[in-house]
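Residue strings, one per chain:
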Amino acid sequence: PEDTVTSSFASFIRAARPEHLSPTVRQRSKRMILDSIGVGLVGSTTRVFDIALRYCRELYSSVAVSSVYGKPGVKLSPTLAAFTNGVATHSMDFDDTWHPATHPSGAILPALLAASQMLPPNSKPNGLDFLLAFNIGLEVQGRLMHFSTEAHDIPKRFHPPSVVGTLGSAAATAKLLSLSSAQCCHALGIAASLAGAPMANAATQAKPLHVGNATRLGLEAALLAGRGMEANPLILDDIPGCSGFSAFYSVYQPKPLSMPGEHHEFLLEKQDIAFKRFPAHLGMHWVVDAALSVRNLLINYAGSFSPSLIRTIMLKIPVSKYINRPFPSSEHQARHSFQFNACAALLDGEVGLGSFSESSIHRQELKELLDKVVVEHPEDNVANFDKMYGEVALLLHSGDVLTGKCDTFYGHWRKPLSKESLLKKFRSNASHVLPEEKIETIITLVDNLEYLSDSSQL
């Protein structure tokens, strides 16, 4: 069908060219690629990654051509490599976050890396093709999230990357594989049938599977469409009485995607990305910065940080059930706990990789701080990554009150990480599994991605 929302998306995927990417979009997306690789590399040291990798190696045998993060010499079939690397990327909740809320890079980058290695030598995409496909995946995710106001807030039903990420992966790999417009349309339709995961699995080892499945299943959707499989060509349209993509969101109002060119502006041009400084849910970054601020006030007040001076720790945070966890008992729960992250920041003066170890989580002095926490939900503090704030107040036994507040943490799109900070994070993450010379090689490859003749080198 002509002139439908779905066909407009398919036409956009087919028609997009590298010259449609502005210098800003190119630079921002390369930052995302570098950060996502680093997060995936450090994620390859986690238990959930080991489970996923062992599952793929033991239960499947296929053409093993695609590389696995952090495991030199290990290769899997393209779809399983995408799955495993997607799990690694989200294993610590350390990956980038956009607005409306989703984790965009982890859902598409592993699929593109795997697909690049899958293609025969005479048809390898170059770096500019790779960068364009990556941005197609971002654009599709962003546009889909703008179809519903529900998507603008911290999610309650479906984990966003499992929904929009699956279609973003399908779009990105469809572009890399040079599918026709009709095949791109079918790839989106097939991906919609493979999408969706419930928020109840947040703060568990199952959550990283959401990103792993999104990137894997999107790749599979594109491969199936390229082999002739068909799906509903109106999957993104609002058809009364028959839910397509609207099944995932309420108040669904789809709009056609304009053709790339001088009248189309990529969303990444207008909306930068948030990069995390430590591995936890994005909402934690507000309360950590607020807690570090009030910690400094207490040190100035008393000469040192002394928990015995504190009677009550007041957190003013948005209403969001799955990240309001008073006493987390596992690393994944701790990464999704306002209370834990505020108290860890107060106690240690920082939050980092080691904050979520078993020994750190179960410290007696941390438990004593958690016992003092009281939560309030001010009406003006909405569950929205563009509007929320974090406030931590210490009510002292003396009667004095010290308050720290964060409206925009360092790493948010309104206060982006500097190049130096991003490189420091990447080097730190990658150093867990790679030697220094390979780390510097990756930095150089990504920085010069437009000029890479064979993207599978990445």
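For the structure itself, consult the block above.
A brief look at the structure comes next. (Residues numbered from 1 in each chain as written. Predicted model: local features only at pLDDT ≥ 70, side-chain atom pairs only at ≥ 80, totals over all residues. Heavy atoms only, no water.)

This next bit is on the pattern of salt bridges. Applying the stated criterion across every chain yields a total of 15 salt bridges. In this structure, arginine 143 and glutamate 139 form a salt bridge, with 2.9 Å as the shortest nitrogen-oxygen distance. Here arginine 143 pairs with glutamate 139, and both are found in helix α6 (residues 127-145), just four residues apart, close to one helical turn. Between arginine 277 and aspartate 289 there is a salt bridge, with the nearest N and O atoms lying 2.6 Å from each other. Taken together, the residues span a long stretch of sequence, with arginine 277 in the loop between α10 (267-270) and α11 (284-302) and aspartate 289 in helix α11 at a distance of twelve residues. Its relative accessible area of 30% is what places arginine 277 among the partly exposed residues. Overall, the relative accessible area of 19% leaves aspartate 289 in the buried class. In this structure, a network of salt bridges that share partners links the residues Asp93, Lys207 and Lys276. (Salt bridge = Lys/Arg side-chain N within 4 Å of Asp/Glu carboxyl O. Helix = DSSP H or I, 4+ residues; strand = E, 2+ residues; numbered from the N terminus. Buried < 20%, exposed > 50% of the residue type's maximum accessible area, 1.4 Å probe, protein only.)

Summed over all chains, the structure comprises two cavities of 30 Å³ or more. Space inside the largest cavity adds up to approximately 100 Å³. Forming the walls of the largest cavity are 14 residues, and the residues nearest its centre are His103, His159, His281, Tyr322 and Phe385. Along the lines of polarity and charge, the residues of the lining of the largest cavity split into seven nonpolar, five polar and two charged. Two domains each provide a minimum of three residues to the lining of the largest cavity, namely domain 1 (5-277 + 417-457) and domain 2 (282-406). In this model, the second largest cavity occupies a volume close to 40 Å³. As for the second largest cavity, its lining consists of His90, Ser91, Asp93, Thr204, Lys207, Pro208, His332, Arg335 and His336. Each residue belonging to the lining of the second largest cavity can be placed in one class, and the counts come to one nonpolar, five polar and three charged. (1 Å grid on protein atoms, 1.4 Å probe; cavity = no way out; pocket = protein on both sides within 12 Å on 5 of 7 lines; lining within 4 Å. Points joined across faces, edges and corners; volume = space filled by probe spheres on them. Nonpolar A, V, L, I, M, F, W, Y, C, P; charged D, E, K, R; others polar. Domains from an automatic or database assignment.)

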